Amino acid sequence: MNTSCQTLADWVEQVASHTRPEKIHWCDGSENEYRGLIDLMLADETLLELDQRNWPGCYLHRSDPSDVARVEHLTFICTPEEADAGPNNNWMAPEEAHRKTDELFAGCMQGRTLYVIPYCMGPIDSPYSRCGVEITDSPYVVANMRIMTRMGTAALRRIEQDDSFVKGLHSTGDLDPDKRFIMHFPEELTIKSIGSGYGGNALLGKKCHALRIASYQARYEGWLAEHMLILGLQDPTGRIRYIAAAFPSQCGKTNLAMLVPPAELDGWRVWTVGDDIAWLHPGDDGRLYAINPEAGFFGVVPGTAPDTNLNAYEMIRRDTIFTNVGVTADNEPWWEGRAENKPALDWKGQPMSGDSPAAHPNSRFTVSARQNKGYTPLMDDPRGVPISAIVFGGRRRELAPLVYQARDWEHGVLVGASVASETTAAAAGQVGVVRRDPMAMKPFCGYNFADYWGHWLETGKRLSSPPEVFHVNWFRRDESGRFLWPGFGENLRVLSWILDRCENGADAVDTPIGMTPAAGALNTDGADVSAADMEALLHIDRAGWRQEMQQIGEYFDTYGERLPAVLRQRQQKILGELG
Ligand code: GTP
Ligand code: SPV
Ligand code: MN
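A brief structural summary. Here the structure is a predicted model, which is why all the values come from computation and not from measurement.

Here the focus is the nonpolar core. Phe 322, Phe 392, Trp 453 and Trp 456 are the most contacted members of the largest nonpolar core, which totals 108 residues. If you look at the next biggest cluster of nonpolar residues, it comprises 35 residues, including Leu 229, Cys 251, Ala 527 and Met 534.

What follows is the structure in structure tokens.
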């Protein structure tokens, strides 16, 4: 036995007798172990070595071409009552879900090694952190989990102390999409994932644990698990304030979290606390505190360029696992947006041909957060950071203005619940279709959204100094498809207006949907944006918004009686004001 935690020892034994692996390896999280896994994967070509002179410690993994994104249609929340999963989730009865997956897991690790990965989401010594153990037969998953989480012996010690952990069972199976399931059993703190080796389907600490299971736990324990970046914004006086922002997948979280200020905004600095997930707790002082449960970044590669995200561009020059990018003739990784060199092979390893991209649109880098220039030791602070503003956003070609502010917490919950965004390559399916994605949690909330909004409203009541709530949209376009807003580093101009608003500074115009920047209140000196574009970006199209608020009302209808009454009241009030 490798642990004093009897529950864990029993579970590993039971899984092993069911899946029949050749070997069992308990991960200690050491450098040596990582090195060994890399060598193993180089030997069987799960990993390909990239040019080690210019890209030290960098490797390429090509996933199965049918396994390149999250699969929302194969992801289930398995609560005893269907209504508890809500219209926002696929539901399966727990017995059926266990039966279906247990059948597929039977004997699936024969000839393979079963890895036991103890991990901690959040700083090891934080009361807000939660542990899990992932069992997997994929060395690629182990290597990624080592970068993405606090993994190994320290986590195991904490698990033995807490005597509680989330059980995540994973196998790549035979990668047959018809035998692929991502099952969540929130009441059992259990995940079973089979048939995919990719990202959020397979690195179970991330979306499965830190969002779906954690959101469910958080509801009963009085906190929030959210799809949010966390950044510290240092102004020219040296003062740092913290912002948490929820945008759907591939809508700009990693980029915003690592923002490099434009030259005109001298003296500002951004510190990255997290780029994808935030766990939020009301503090004793009535403020909301955030920790990032992760330790690394699993970021979108395409578009990572010196002029858009210099910090990320430099961060992934060493000790990075690339998944599904192209390669150059001299064996460097290549993706759309990388200025230098050109691709020889695409992400499938085929010679480049026609217009098809070298890197898959959902190709990813996995890298330790410590390699980021914006790294702050506050990432490891067990208390987390106090949040001044919560920002929701989506990718909307039309309608949603560059920025607006909610009137109060309740209105903020309505603004979050109303988020809609174009679908992206992060999930299998059609790209570019606008869908409702409340709080950017549509694929990740482990329970009924109506109850979740209720929990947000209750959380607000426990905060004497709640964060101000905003909505942004970096993705407005004109008829020709051109982005109206330059985005990336320039987004700092919007963040600085947001921080001013948090202290009742900066002029705003009162509109039915909330407060927008008054003319000239948003500093655009030196920004590449015309006065006409700026006007379009801040314009509130009343007819369009009337339709939008009506659609939000219809969406709320699908939640029936469980919808908190106050959300309906606020939606009706705004609809009335839009005349
Ligand atoms: P996930 O990891 O899937 O959750 O994505 P994310 O929300 O972290 O998005 P990310 O920052 O990786 O950005 C996704 C895509 O949007 C990339 O191709 C970026 O280049 C692009 N992008 C990010 N910020 C901006 C922006 O301000 N303007 C524009 N036009 N594009 C942006
Ligand atoms: C997302 O899709 O929001 C991601 C990538 O961050 S994954 O880990 O695959 O969920
Ligand atoms: Mn994400």
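Time to look at the sheet that holds strand 21 (residues 333–334). Ordered in space as 21-20-22, the three strands form an open sheet in which the pairing is antiparallel. With one partner strand each, in any of the chains shown, strand 21 and strand 22 (343–345) form the two edges of the open sheet. Pairing of strand 20 (residues 326–328) with strand 22 involves two bridges; the strand directions are antiparallel. Bridge pairing in strand 22 places Val 327 opposite Leu 345.

What follows covers the environment of Ala 43. Within the fold, Ala 43 resides in helix 2 (residues 31–43). For Ala 43, a relative accessible area of 66% corresponds to the exposed category. Sequence separation of Ala 43 and Ala 369 is 326 residues, and the distance between their C-alpha atoms is 28 Å.

Read across the sheet, five strands follow the order 2-3-19-23-18 without closing on themselves; strand pairing throughout is mixed. Both outer strands of the open sheet, strand 2 (48–49) and strand 18 (296–300), are each paired with one neighbouring strand and no more. Judged from the three bridges that link them, strand 3 (residues 59–61) and strand 19 (residues 321–323) form a sheet pairing that is parallel. Counted as the bridge partner of His 61 is Thr 323 from strand 19. Sheet contacts for helix 5 (residues 139–148): strand 3, strand 18, strand 19 and strand 23 (364–368); angle to strand 18, the most-contacted strand, approximately 115°.

The rules behind each value
- Along each chain, numbering runs from 1 in the same order as the chain's sequence is written.
- Here chains are named by letter from A upward and ligands by number from 1 upward, in the order in which they appear as written.
- In view of the model being predicted, local features appear only for residues whose pLDDT reaches at least 70, and side-chain atom pairs are presented and counted only at 80 or more, with totals across whole chains, interfaces and linings using the full set of residues.
- By convention in this description, side-chain values take in all heavy atoms of the structure and omit both hydrogens and water.
- Among buried residues, those of type Ala, Val, Leu, Ile, Met, Phe, Trp, Tyr and Cys that are joined through side-chain atoms within 4.5 Å constitute a nonpolar core.
- Between buried and exposed lies partly exposed: a residue is buried under 20% and exposed over 50% of the maximum accessible area for its type, with that area taken using a 1.4 Å probe on protein chains only.
- Whether two strands pair comes down to DSSP finding at least two bridges between them.
- Under the scheme used here, helices are H or I runs from DSSP no shorter than 4 residues and strands are E runs no shorter than 2 residues, and both carry numbers assigned from the N terminus.
- Contact between two residues is taken to exist if any of their heavy atoms lie within 4.5 Å; hydrogens are not considered.
- For helices, the axis comes from a line fit to the C-alpha atoms of the stretch in contact; other axes are also lines fit to C-alpha atoms, and the angle between any two N-to-C directions lies between 0 and 180 degrees.

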